[in-house]
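What the coordinates show
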Amino acid sequence: MSNGKLTKKPQPTNAANGKKPRIGVALGGGGPIGGIYEIGALRALDEALEGLDFNDLDVYVGVNSGSFVAAHLVNQVTTAQLCRIFVRNESELHPFHPGVFYRPAFAEMGRRLLAIPGLITTALTRFFYNPYDQSLLEALTILAQAAPAGLFNNEGLHHYLRRAFTMLGRTNDFRQLKRQLFIVAADVESSKSVCFGAPGFDAVPISKAIQASTASAGIYVPVEIDGHYYVDGTLRKGLHASVAFDHQADLVLAINPQVPLDATAAMKAGTLAAGEMTRSGMPNVLAQTYRTMVHSRMQSGIDRYAQDYPDKDIVLFEPRSEDAILFGSNVFSFESRRLLCEHAYQATRRDLRLRAAELEPKLAKYGIALRHDCLSDTDRTVSTSLFGELPPATLRAKSQTQKSRLAAGLQSVNGQTEKARS
């Protein structure tokens, strides 16, 4: 086959209930950068896991950027095509531009600005009639309500996906999918998680559900659907693998890009300069805080899976805590996206090699085997995997070129902050 995988073997029968085991995938958040990481990791898994087809699983669960990737997989977009469209920009039919994620919420900002005179009037009236209750400065804190609910509007993402999912035999309707897809968002007013795609929530277009799930609080304006307002589903949980288990998945392959950076370990590894985390400003400090909270909740959830789902298995893949490349990546840069995807690809391959003894017996129960020939190929890169069956000498030459560019790119990413300061 063109992707180098062997013929898929029939999956075994589940001895417990006499049925074919159900396999699902759960993809976490992390914004556009997390989505690129997931694409690279999925490409590595797709090549290395014999007996598994990521376009023919039983259950797909996604939250935040993971919803974006999961919806493409269930719509029969292969991992190779994901790399070509969203990392290499090779799609001529419908090119992807990361700018669709970040369009200023001018309408929201305008509404808030128009509210300022009324808020000032309210503050002065309260102070005038009860000056001993609070000072004028304290009364004026009501102006905080003039802050927009989000800086950006991701309506452009909805429009992009609506077009993409209504061509080439794809669908923007949960009810027309051949496999189950669940996209998780959080209701702002009730704080409850909602699974779009589940009964009662399957009439919402897939593109709209993804828009809601990717609306990170504070960054994006909450998305209105049927009178309710939704934001990023990681507000409740970072992964939501339990949704797949609750829908009869026996094995869940999970990817979580949101891991807090261990700056001390990163400095020792030479991937981060001393003090760079703090000096990089409020956005990165807040992002670090958010990743820490999300990852802590996710670990607690995974620990409970063994008790709540004793007969089921989860295999988790995520970056190392000292991995600073996610910290320095820029989704607007084609080169940065390419480097991040390659990094995720190689990190996942390394993870599979290191965990082979643990993973092989677990995966074997579901008819899945590790392709050691693929994993032991040190010349393999994301790019060479997309070239098909080229002559070995050509593959080696392309691989060495890609690895040299990756090394140079990583040095460039790590030195960007120090260069900017100087």
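Criteria and thresholds
Residues numbered from 1 in each chain as written. Predicted model: local features only at pLDDT ≥ 70, side-chain atom pairs only at ≥ 80, totals over all residues. Heavy atoms only, no water. Buried < 20%, exposed > 50% of the residue type's maximum accessible area, 1.4 Å probe, protein only. Helix = DSSP H or I, 4+ residues; strand = E, 2+ residues; numbered from the N terminus. Salt bridge = Lys/Arg side-chain N within 4 Å of Asp/Glu carboxyl O. Phe/Tyr/Trp six-rings, centres within 6.5 Å; stacked < 30°, edge-to-face > 60°. Polar contact = N/O pair within 3.5 Å; in protein donor to acceptor, adjacent residues only side chain to side chain. Contact = heavy atoms within 4.5 Å. Pairing = 2+ DSSP bridges.

An unreviewed UniProt entry lists the protein under the name Patatin, with Marinobacter psychrophilus given as the organism.

Quick look at helix 2 (residues 65-74)
The element helix 2 is largely enclosed, with a buried count of ten among its ten residues. Residues of helix 2 that are buried include every one of Ser65, Gly66, Ser67, Phe68, Val69, Ala70, Ala71, His72, Leu73 and Val74, and no others. Phi turns positive, to about 70°, at glutamine 76, one or two residues after helix 2.

A closer look at the pattern of salt bridges
Taken as a whole, this structure holds 16 salt bridges when the rule is applied. Here glutamate 108 makes a salt bridge to arginine 111, at a shortest N to O gap of 3.0 Å. You can see glutamate 108 and its partner arginine 111 sitting in helix 4 (residues 106-129), three residues apart, about one turn around the helix. By relative accessible area, which is 6% here, glutamate 108 ends up buried. On the basis of relative accessibility, which here comes to 51%, the residue arginine 111 falls in the exposed class. Connected via shared salt-bridge partners are Arg43, Asp46, Glu47, Asp377 and Arg380.

Observations concerning the packing of aromatic side chains
Overall, the coordinates contain eight aromatic pairs when judged by the stated rule. Taken together, a centroid distance of 5.2 Å and an interplanar angle of 85° make the contact between phenylalanine 128 and tyrosine 129 edge-to-face. The exposure class of phenylalanine 128 is exposed, given its relative accessible area of 63%. Exposure remark for tyrosine 129: the relative accessible area of 65% places this residue in the exposed category.

Some points on the side chain of asparagine 64
With respect to the helices and strands, the residue asparagine 64 is situated in the loop between strand 3 (59-63) and helix 2. Note on asparagine 64: relative accessible area 2%, which makes it buried. For asparagine 64, the side chain forms a polar contact with the main-chain nitrogen of glycine 31, separated by 2.9 Å. Excluding anything up to four places from it in sequence, asparagine 64 contacts Gly29, Gly30, Gly31, Ser213, Thr214, Ser216, Asp232 and Thr234.

Quick look at the pairing of strand 12 (residues 313-317)
Taken across its five residues, strand 12 has five buried, putting it largely inside the fold. Residues Asp313, Val315 and Phe317 line one face of strand 12 and the alternating positions Ile314 and Leu316 line the opposite face, and both faces are buried. With five bridges connecting them, strand 11 (residues 251-255) and strand 12 associate as parallel partners. In the strand pairing of strand 12, valine 252 is matched with isoleucine 314.

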